[in-house]
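These are the residues of each chain, in order.
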Amino acid sequence: MLLHLSTWAEIAQYLQRSRVVVVPIGSNEQHGPTGLLGTDWLCPEIIAHEAEKNADILVAPTFNIGMAQHHLAFAGTISLRPSTFIAAIGDWVRSLAGHGFTRILFLNGHGGNIASIEAAFSETYADASFARQRAGFALKLCNWWDLEGVGELARTQFPEGHGSHATPSEIAITQWALPDSIKHADFAPPIAPSGPIRDAFDFRARFPDGRVGSDPGLATPAKGGELVKLAAQSLVRELVAFSSEPVPA
Ligand code: NI
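Residues numbered from 1 in each chain as written. Predicted model: local features only at pLDDT ≥ 70, side-chain atom pairs only at ≥ 80, totals over all residues. Heavy atoms only, no water.

K.L.:
Explain the overall build of the protein here, please?
P.N.:
A count of helical and extended segments in the protein gives 8 helices and 3 strands. The secondary structure elements of the protein, listed N-terminal to C-terminal, are α-β-α-α-β-α-β-α-α-α-α. Scaling as 2.2 N^0.38, a compact globule of 249 residues should have a C-alpha radius of gyration of about 18 Å, and the protein matches this with 18 Å. Projecting the C-alpha coordinates of the protein onto the three principal axes gives extents of approximately 55 × 35 × 30 Å. Summarising the internal contacts of the protein: among those between residues at least 6 apart in sequence, 75% fall at separations of at least 24. For the protein, the computed accessible surface area is about 11800 Å², with 56% contributed by carbon and sulfur atoms. (Helix = DSSP H or I, 4+ residues; strand = E, 2+ residues; numbered from the N terminus. Rg over C-alpha atoms; globule rule 2.2 N^0.38 Å. Contact = heavy atoms within 4.5 Å. Areas by Shrake-Rupley, 256 points an atom, 1.4 Å probe, with all protein chains shown as cover.)

K.L.:
Mind showing me how you'd approach the coordination of the nickel ion here?
P.N.:
Six octahedral donors around a metal ideally make angles of 90 or 180 degrees; four tetrahedral donors ideally make 109.5 degrees. The protein atoms donating to the nickel ion are His31 (NE2), Asp40 (OD), Glu170 (OE) and Glu170 (OE), with metal-donor distances spanning 1.9 to 2.8 Å. Taken together, the 4 donor atoms surrounding the nickel ion define angles of 51 to 135° at the centre, an arrangement classified as irregular. In primary sequence terms, the donor set of the nickel ion follows H-x8-D-x129-E. On the accessibility criterion, His31 (1% relative accessible area) is buried. Judged by relative accessible area, which is 3%, Asp40 ranks as buried. (Donors = N, O, S within 2.8 Å, 3.2 Å for Na, K, Ca; no water. Tetrahedral: all angles 85-135°; square planar, octahedral: opposite > 155°, others 65-115°. Buried < 20%, exposed > 50% of the residue type's maximum accessible area, 1.4 Å probe, protein only.)

K.L.:
Even after reading the chapter, I still don't get the packing of aromatic side chains, so can you show me in this structure?
P.N.:
Two aromatic rings are characterised by how far apart their centres lie and by the angle between their planes. This model, assessed by the stated rule, comprises 8 aromatic pairs. A centroid spacing of 5.4 Å and a plane angle of 85° characterise the contact between Phe63 and Phe85, whose relative ring orientation is edge-to-face. Of this pair, Phe63 sits in the loop between α2 (39–53) and α3 (82–99) while Phe85 sits in helix α3, and the two are 22 residues apart along the sequence. Summarising the aromatic geometry, the rings of Phe63 and Trp92 are spaced 5.0 Å apart at their centres and angled 45° between planes, so their arrangement reads as tilted. Of this pair, Phe63 sits in the loop between α2 and α3 while Trp92 is found in helix α3, placing the two residues 29 residues apart along the sequence. The exposure class of Phe63 is buried, given its relative accessible area of 6%. Take Trp92: its relative accessible area is 26%, and that puts it in the partly exposed class. (Phe/Tyr/Trp six-rings, centres within 6.5 Å; stacked < 30°, edge-to-face > 60°.)

K.L.:
Would you mind going over the pattern of salt bridges with me for this structure?
P.N.:
Pairing between side chains of opposite charge can happen when their charged atoms approach one another. Counted according to the given criterion, the structure contains 9 salt bridges. A salt bridge links Asp91 to Arg94; its shortest N-O distance comes to 3.0 Å. Placement of both Asp91 and Arg94 in helix α3 is noted, with a separation of 3 residues, approximately one turn of the helix. A salt bridge links Asp127 to Arg94, with the nearest nitrogen and oxygen atoms 2.8 Å apart. On the criterion of sequence distance, the pair formed by Asp127 in helix α4 (residues 114–130) and Arg94 in helix α3 is long-range, its members being 33 residues apart. For Asp127, a relative accessible area of 42% puts it in the partly exposed group. Bridged by salt links that share partners, the residues Glu50, Lys53 and Lys229 form one connected network. (Salt bridge = Lys/Arg side-chain N within 4 Å of Asp/Glu carboxyl O.)

Spelled out as structure tokens, the structure:
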């Protein structure tokens, strides 16, 4: 079930049978010469929407702007500051928890978001802890590449040139879901350099075409399809485990 294509009455009904919701979360940022700007929010959305086709789960709208200050020297990147991002996640959680959702899983598509999502969880729990109350809900962060079996599959598909930004695995996922948006370029060098991530102009000087350690030319729609199918199955198992986690009295 997709929240944005449901009515309030349908969500109220869903809450009678489940208190679990998944929120795809990512970033809108440059992904090298061939990667779509939406890659990091498209990947978790594609996986969650695929999972939803075969299981009774609820997927919230995608939180599609994240921690991308280091990509701002490339056209089209849109970023939040950590403080804005943390505040916005808190309001999403308070909205959903207010309706009765007690298990909120964020399916993340951007490594740069991890620290701030964890900080947002702490901020949100702190409301309850300082008030000497129980929060009444649990939050979970899952990176799509950490879903069971997915990292192993990506390492098998791309033993070399996976890298850490504009990776062939994430590019392959968007190629599978959006074949009309596949782009082509000659990569020189084939595998991009690696290095530290600092401010936007430092990033552009180190990584001139936007890639970090990767060869996105290895991506194919078929490999993307394999990753999506496996990730979608693992996500459903993750949601079942999360929903049946015992809560101490
Ligand atoms: Ni990415």
